[in-house]
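Take a look at the letters that make up each chain.
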2 protein chains.
Amino acid sequence: MKSVGIIVEYNPFHNGHKYHIQKAKETCNPDCIIAVMSGNFLQRGEPALLSKWSRAQMALLNGVDLLIELPYYYATQSANNFAYGSVTLLEKLGVEHLVFGSEDGNIESFLNSAKELDSIVFKNKDYSKSFPRSFLENTDPVEIDIGLPNNILGVQYVSNILKNNYNIKPLTIKREKANYHDQTFNDERIASATSIRNKILNSKGQSFERIFNYVPLNIKDLIINEKNNFKSWEDYFNLLKYRLVSSDINELSSIFLVEEGIEHRILKYISNSSSFSELITALKTKRYTWTRIQRTLLNILVNHKKHEIEDKSLSYARVLGFNNIGREYLNKNKKNIDIQVVTSPKNIQNRMLDLDLRASRVYCLGLNNPSGQELFEREFLPPIIIK
Amino acid sequence: MKSVGIIVEYNPFHNGHKYHIQKAKETCNPDCIIAVMSGNFLQRGEPALLSKWSRAQMALLNGVDLLIELPYYYATQSANNFAYGSVTLLEKLGVEHLVFGSEDGNIESFLNSAKELDSIVFKNKDYSKSFPRSFLENTDPVEIDIGLPNNILGVQYVSNILKNNYNIKPLTIKREKANYHDQTFNDERIASATSIRNKILNSKGQSFERIFNYVPLNIKDLIINEKNNFKSWEDYFNLLKYRLVSSDINELSSIFLVEEGIEHRILKYISNSSSFSELITALKTKRYTWTRIQRTLLNILVNHKKHEIEDKSLSYARVLGFNNIGREYLNKNKKNIDIQVVTSPKNIQNRMLDLDLRASRVYCLGLNNPSGQELFEREFLPPIIIK
């Protein structure tokens, strides 16, 4: 079976995502669409608006055939590591094409930029270092504008495919009508996930009817049913503060991404911060970007320690859901699938998977009970199955 | 100046406590009443219904002249360690008498029982071990009924005075009309703190007018003003659960009082517990008493590690409040006071005091803001001063 891979967050799913899937189908005419999706925490170092189960459901209702969770370890890192984890999972799942959205829209630009970067930056193959943005900005000639978030990710996808000699063929689709960072609605049917999220989070339980112009009709009820479970960093601020005020400096220093003494700055500002936005505003400097700080705080929240994941190889593909096509793909392509397919995390000994589960447990604590407890128990049930 | 020491929790202050203070004054005719009081967490391993500041205020309004905080390290341990910490503080503050309430009411019984126990149990002077209750119950002859909680504490106060050769003379007052464990009101003016607490916590924001029969009139407004800040373990359950689900087994094993593999039992039951009472009910066995489990969970909540307090000596007396008599005592008795008197914890390097502050910060997170933030900032303001 021919398959196309896509790499997604769906925070939340919207018409632009549907367009992406349709275009991928039109372009490659695959038998199966496989999505690798972040779990409950996202690449920018923040909790997903809705749990991975809700987002998987939305995806499966709108054209995705098989939904795989990108492990927390890769899902919450900077672009190059996020990309490495995502394309590696797709490669091991035997995917032929990767189709990604970008501001640029021309795959040649990405191939050129990636080769350029690859030859210089990736010689040392050290995936644990953050992508040096200042370097990127000064590289000449760079074919595409890597100041745009989807372009950055695109270059990293392509670069990781090239340097690892993966068999995946990358393709890109130009994002239409909405920019990643758009805060407001500029079009009738397409809006950025950021603007939809803002509308939902700012509604404070009031109507957010307007967002339904921008999402497929078939997920409207799902969003409405989850209206008490929309999550943002503020829902985790008390837990984060508790972690910080009850930790000593050595415990903080042992956390992944806590480097260059930022733990001292964090402890300095936490006492007088009464919200997440207050804390991060106080912490932000030229040296530390918002996203970098968010990722650092997220690892503190999840208690992800520096030396916890010694084996960084991707050895499992956690299935969150599938339809009949996805199931058939898993059954028929066994010889092309070079990874353990996990449909339940029970009884599996794997530290990277343990970290996924821990992150999920923490995410669940941000929901009120019984929703939080139910969501936690959901973790050990079979994947979502759509007819 | 002659002083009498009392050892209290005031959770909350009630008429029986007032009677205790009056009797201490009648019996010893002191110039000054010094109370050593637990901070925000109590001997049974639970958060105080009201913060130490509120409870200090209640005490100062009702006859206490100088209020000293018993460090968390001693305040939240079993009877012998609690007693050691308390009487040692009083000794270092130059107190002449200790007056404690008891079910028995006869100091000779306590002296005999304490000598008996002292000669057998305390030979090894290992204060870190819990008092062996099974041993107590089988000791013959024991003069008093040590199944009663105030008798247990009384024996330990006396025992610690004797074996450390302190200069304090112990006296006891028979507790009238209410037993420690009484769940309901049996008298018109005297009720146990337990029954008053239950009434308040079970009122769920509704009227708890009936408790005002049992507390001095001058603290009624204070209690009413604090009605949104009553705390119980349930208010800390989410933080505790977060700590547990985000810790690995080694981190849990390193916590003070986590012994004999109880960490495995706790991790087994936490996932499916949706309240503190559910968790502790699941954990309770013949081997682990309710109180012992509460203390263990409290140390997990506060992240108090086994080897954190290496120097167990009492080297500071944290003043929570005083009136003119208390102030005079501190000024005039300097030569009798064998301990650093601390009126603000700022800029003091002491690990036991750091632990007090950490416990207070955690306690504050159980309150909604702005109360929680204000309470946290209160920690660094001067003591309460009553004219």
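Computed from a predicted structure; not experimentally measured. (Residues numbered from 1 in each chain as written. Chains lettered and ligands numbered in written order. Predicted model: local features only at pLDDT ≥ 70, side-chain atom pairs only at ≥ 80, totals over all residues. Heavy atoms only, no water.)

Points about the environment of V342 of chain A
Residue and element names in this part refer to chain A. Tracing the backbone through its elements, the reader meets V342 in strand 7 (residues 340-342). Expressed as a C-alpha distance, the spacing of V342 and S315, which sit 27 residues apart in the sequence, is 9.9 Å. Excluding anything up to four places from it in sequence, V342 contacts Y316, A317, R318, V319 and I348. (Helix = DSSP H or I, 4+ residues; strand = E, 2+ residues; numbered from the N terminus. Contact = heavy atoms within 4.5 Å.)

A closer look at the pattern of salt bridges
Residues and elements named next belong to chain A. Throughout the structure, instances matching the rule amount to 28 salt bridges over all chains. Close ionic contact of R292 with E259 constitutes a salt bridge, the shortest N to O distance being 3.7 Å. Of this pair, R292 sits in helix 14 (residues 290-302) while E259 is found in the loop between helix 11 (249-253) and helix 12 (262-270), placing the two residues 33 residues apart along the sequence. A relative accessible area of 22% places R292 in the partly exposed class. One salt-bridge network, in which partners are shared between bridges, spans K52, E69, R318 and E379. (Salt bridge = Lys/Arg side-chain N within 4 Å of Asp/Glu carboxyl O. Buried < 20%, exposed > 50% of the residue type's maximum accessible area, 1.4 Å probe, protein only.)

Description of helix 17 (residues 371-378) of chain B
Residues G372, Q373, L375, F376 and R378 of chain B constitute the buried set of helix 17 of chain B. Next to the buried residues of helix 17 of chain B lie helix 10 (237-245) of chain A together with helix 2 (52-60), helix 16 (351-365) and strand 8 (384-385) of chain B.

Digging into the interface of chain B and chain A
The partner chain A presents 27 residues to the 27 residues of chain B that form the contact. Of the roughly 2,300 Å² buried at the junction of chain B and chain A (both faces included), carbon and sulfur atoms supply 47%. Counting the surface chain B buries against chain A, the share from its top three residues, Y242, V245 and L365 of chain B, is 28%. For the pair chain B and chain A, the interface holds four salt bridges. Close ionic contact of K305 of chain B with E251 of chain A constitutes a salt bridge, the shortest N to O distance being 3.4 Å. For the pair chain B and chain A, the number of links is 19 residue pairs in polar contact (both at pLDDT 80 or more). Contributing elements (two or more residues each) for the side of chain B that touches chain A: helix 10 (237-245), helix 14 (290-302), helix 16 and helix 17 of chain B. (Buried area = accessible area lost by both parts, 1.4 Å probe. Polar contact = N/O pair within 3.5 Å; in protein donor to acceptor, adjacent residues only side chain to side chain.)

Considerations on unusual backbone geometry
The linkage connecting N369 of chain A with the following residue, P370 of chain A, adopts the cis geometry, with an omega of 5 degrees. Following the sequence through the fold, P370 of chain A ends up in the loop between helix 16 (351-365) and helix 17 (371-378). Between N11 of chain B and P12 of chain B the backbone carries a cis peptide bond, its omega angle lying at 0 degrees. Relative to the helices and strands, P12 of chain B is located in the loop between strand 1 (3-8) and helix 1 (15-28). The backbone of N29 of chain A shows a phi angle near 45 degrees, a positive value even though the residue is not glycine. In this fold, N29 of chain A is placed in the loop between helix 1 (15-28) and strand 2 (32-38).

Some details on the pairing of strand 6 (residues 316-322) of chain A
Residues in a regular strand point their side chains to alternate faces of the sheet. Residues and elements named next belong to chain A. Counted residue by residue, strand 6 has seven buried out of seven residues, so it is predominantly covered. For strand 3 (residues 66-70) and strand 6, the ladder comprises four bridges, and the chain directions are antiparallel. Each bridged residue has a counterpart across the sheet, and for E69 the counterpart in strand 6 is R318. In this structure, strand 6 lies alongside strand 7, joined through three bridges in parallel fashion. Paired with A317 across the two strands is V341, which belongs to strand 7. For strand 6 and strand 8 (residues 384-385), the ladder comprises two bridges, and the chain directions are parallel. By the bridge assignment, F322 is partnered in strand 8 with I385. (Pairing = 2+ DSSP bridges.)

Some thoughts on the packing of helix 10 of chain A against helix 10 of chain B
Viewed as axis vectors pointing N to C, helix 10 of chain A and helix 10 of chain B meet at an angle of 65 degrees, and their least axial separation amounts to 10 Å. As the angle between them shows, helix 10 of chain A and helix 10 of chain B are arranged roughly perpendicular. Seen from above, helix 10 of chain A lies across helix 10 of chain B with right-handed handedness. Note on element contacts: helix 10 of chain B touches helix 10 of chain A through N238, L239, Y242 and R243 of chain B, opposite N238, L239, Y242 and R243 of chain A. When its residues are assigned to classes, the contact of helix 10 of chain A with helix 10 of chain B shows four nonpolar, two polar and two charged. (Axes fitted to C-alpha atoms, helices over the stretch in contact; angles between N-to-C directions. Parallel < 35°, antiparallel > 145°, perpendicular 65-115°, else oblique. Left-handed = near helix turned anticlockwise from the far one by under 90°. Nonpolar A, V, L, I, M, F, W, Y, C, P; charged D, E, K, R; others polar.)

What about the packing of aromatic side chains?
To describe a pair of aromatic rings, you give the distance between the ring centres and the angle between the ring planes. Considering all chains together, one arrives at 29 aromatic pairs over all chains under this definition. Each ring, one from Y242 of chain A and one from Y242 of chain B, has its centre 6.2 Å from the other, and the planes form 70 degrees; the classification is edge-to-face. Linking Y242 of chain A in helix 10 with Y242 of chain B in helix 10, this pair reaches from one chain into another. Note on accessibility: Y242 of chain A and Y242 of chain B belong to one class, buried. Among the aromatic residues, those joined into a cluster by ring pairs are F41, Y72, Y236 and Y363 of chain A. Sitting over the face of the ring of W53 of chain A, R378 of chain A holds its NZ or CZ atom 3.9 Å from the ring centroid. (Phe/Tyr/Trp six-rings, centres within 6.5 Å; stacked < 30°, edge-to-face > 60°. Lys NZ or Arg CZ within 6 Å of the ring centre and 35° of its normal.)

Thoughts on the confidence of the model for chain A
Residues and elements named next belong to chain A. Residues at a pLDDT of 70 or more form 89% of chain A, whose mean pLDDT is 89. Throughout residues 122-142 the model reports pLDDT below 50, and contacts reaching past four residues in sequence, or to other chains, amount to 39 contacts. Note on the complex model: pTM 0.90, ipTM 0.89. (pLDDT = per-residue confidence, 0-100.)

Description of the packing of helix 10 of chain B against helix 12 (residues 262-270) of chain B
Residues and elements named next belong to chain B. Contact geometry for helix 10 and helix 12: axes closest at 10 Å, N-to-C directions at 115 degrees. When the axes of helix 10 and helix 12 are compared, the pair comes out roughly perpendicular. In the crossing of helix 10 with helix 12, the sense of the turn from one axis to the other is left-handed. In this structure, helix 10 uses F237, K241 and L244 to contact helix 12, whose residues at the interface are I266, L267 and I270. Looking at the contact of helix 10 with helix 12 residue by residue, the class counts come to five nonpolar, no polar and one charged.

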